[in-house]
Amino acid sequence: MNKQIIEYIQSLAAEIHFSGSVFVKQGDQILADCSFGLANRSEKMNNVSDTKFGIASGSKLFTAIAICQLAEEGRLSYHSLLGDCLNQSFPHFSQEITIHQLLTHTSGIPDYFDEEVLEDYEELWINKPMYHVRGPKDFLPLFQNEKMKYNPGSKFHYNNAGYILLGLIVEQVSGMAFTDYVEKNIFERVGMDAGYFETDSLPPKAALGYIDQSDGSWKTNIFSLPAKGGPDGGAYITACGIIQLWEALTAGRLLDKQNVQQLLAPHIRIDDSTAYGYGIWMKTEKHSVTKHILMGYDPGVNFRAAFYPHPSLCISVCSNQSGGAFDMIKGIESELMKEVTF
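Residues numbered from 1 in each chain as written. Predicted model: local features only at pLDDT ≥ 70, side-chain atom pairs only at ≥ 80, totals over all residues. Heavy atoms only, no water.

K.L.:
Is there a simple way to explain helix α5 (residues 160-174) in this structure?
P.N.:
Structurally, the α-helix is built with 3.6 residues per turn, so residues lying three or four positions apart point the same way. Look at α5: 21 Å from first C-alpha to last across 15 residues, which is about the 21 Å you get at 1.5 Å a residue. With 13 of 15 residues buried, α5 is to be regarded as a mostly interior element. Its side-chain oxygen at 2.9 Å from the backbone nitrogen of Ala161, Asn159 defines the N-terminal cap of α5. Two residues or fewer past α5, Gly175 is found with a positive phi of approximately 75°. (Helix = DSSP H or I, 4+ residues; strand = E, 2+ residues; numbered from the N terminus. Expected span 1.5 Å × (residues − 1). Buried < 20%, exposed > 50% of the residue type's maximum accessible area, 1.4 Å probe, protein only. Polar contact = N/O pair within 3.5 Å; in protein donor to acceptor, adjacent residues only side chain to side chain.)

K.L.:
Got a minute to help me understand unusual backbone geometry in this structure?
P.N.:
Backbone torsion omega between His310 and Pro311 reads 0°, so that peptide bond is classified as cis. Among the secondary structure elements, Pro311 is positioned in the loop between β13 (301-308) and β14 (313-319). Backbone geometry places His105, a non-glycine residue, at a positive phi of 60°. Structurally, His105 is set in the loop between α4 (99-103) and α5.

K.L.:
I would appreciate a short explanation of the sheet that holds strand β12 (residues 288-298) in the present structure.
P.N.:
Strand pairs in the sheet, formed through backbone hydrogen bonds, run parallel or antiparallel to each other. Read across the sheet, eight strands follow the order β2-β1-β14-β13-β12-β11-β10-β9 without closing on themselves; strand pairing throughout is antiparallel. A single partner strand is all that each edge strand has here, and the edge strands are β2 (29-36) and β9 (268-269). Both β12 and β13 contribute to a ladder of seven bridges, which runs antiparallel. Directly across from Ile293, in β13, lies its bridge partner Ala306. Together, β1 (20-26), β2, β12, β13 and β14 form the strand contacts of helix α9 (residues 325-336), whose direction differs from that of β13 by roughly 25°. (Pairing = 2+ DSSP bridges. Contact = heavy atoms within 4.5 Å. Axes fitted to C-alpha atoms, helices over the stretch in contact; angles between N-to-C directions.)

K.L.:
Before we go on, may I ask you to explain the nonpolar core in this structure?
P.N.:
The nonpolar side chains of soluble globular proteins are, as a tendency, buried together. By size, the foremost hydrophobic cluster in this structure holds 77 residues, and its most contacted members are Phe62, Phe143, Leu165, Ile169, Ile242 and Leu263. Those residues in contact with Leu165, other than ones at most four positions away along the chain, are Leu82, Leu86, Phe90, Phe93, Leu102, Ile109, Leu140 and Phe143. One finds Ile9, Phe18, Val22 and Ile315 within the second-largest nonpolar core, a separate group that totals 22 residues. (Core = buried A, V, L, I, M, F, W, Y, C linked by side-chain atoms within 4.5 Å.)

K.L.:
In this structure, what is going on with the packing of aromatic side chains? I would like to understand it.
P.N.:
For any pair of aromatic rings, geometry is given as the distance between the ring centres together with the angle between the planes. Here the structure, examined in full by the defined rule, presents 14 aromatic pairs. Relative to Phe139, the ring of Tyr112 has its centre 4.8 Å away and its plane inclined at 50°; by these criteria the two rings are tilted. Placement of the pair is Tyr112 in the loop between α4 and α5 and Phe139 in the loop between α4 and α5, with a sequence separation of 27 residues. Across the pair, exposure class does not vary: Tyr112 and Phe139 are buried alike. Measuring from centroid to centroid gives 5.7 Å for Phe156 and Tyr276, while their planes differ by 55°, and the two rings are tilted. With a gap of 120 residues between them, Phe156 in the loop between α4 and α5 and Tyr276 in strand β10 (residues 274-276) connect regions that are remote in the sequence. Ring pairs connect the aromatic residues Phe62, Phe178, Phe187 and Tyr196, which therefore count as one cluster. Seen from the ring of Tyr163, Lys60 lies directly overhead, with NZ or CZ sitting 5.8 Å from the centre. (Phe/Tyr/Trp six-rings, centres within 6.5 Å; stacked < 30°, edge-to-face > 60°. Lys NZ or Arg CZ within 6 Å of the ring centre and 35° of its normal.)

Purely geometric numbers; function is a separate question.
Spelled out as structure tokens, the structure:
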């Protein structure tokens, strides 16, 4: 452990009233493993190092890995067409949509949560009770019969529905429920303490998510999210778990070298310094990737993770509030830059 880094994290956590866990590792050395706040406010249960947190869209990486595993096995290809992989009716969708486009948010399909129409994710569940949403197919009525927004491959538009379709493809190709596939072929192989849990039936040491109100009151997020996470987000992990996964992934324990490179390549340029691969963001400089990034936000959930290839540095921040993870990871990166050349 690095005393200076830990003291800095403790100070920053106190300053921003952070609730969650932080894990920092460089090479084989753990620099920090800290937890703050309460996993259950009513019962006064603390967040600890093995508390499991929802990570919202940070889970898209698991879906991408699952698809890459099936591609490695020859059961589909990145250029396979949606219509050849999924026996569902999409009357207004293009026939040219590919797996690659779904992975990179360039398919052009409508999203079930369109930020151009809705500002608050909670609004989505006014007409469709979230307690009925417990599997990928439950999302289909929200976008299945809508019209295309763009031509396939024409532009990047972040899209949760595309990952719902990828999860359904995993189910059809593998013959397993999506969450069962990920838990068996990713979480168990890595040795992660993780899972897709139902919010109305959380296991021990899973943090409740909290939405803080301006008047000082709060509520849990149980009525603000689907009852169970899936292909587009909602898995629960520990702060160290995502670093375990990163190490297993880059060591070739989940995919062969060729498919790891495919997963982590900067396929879509967002701006001069930001790109997107398969389920993961990245910062680039002079055509080289300097940092891979995972992020997730839902009401009562905030998650950030950063993986620097040079040096071999990993930072993971999980929060069971609607904010805090970005401020924590930004501060930690700034503090580490005083000692490490990025």
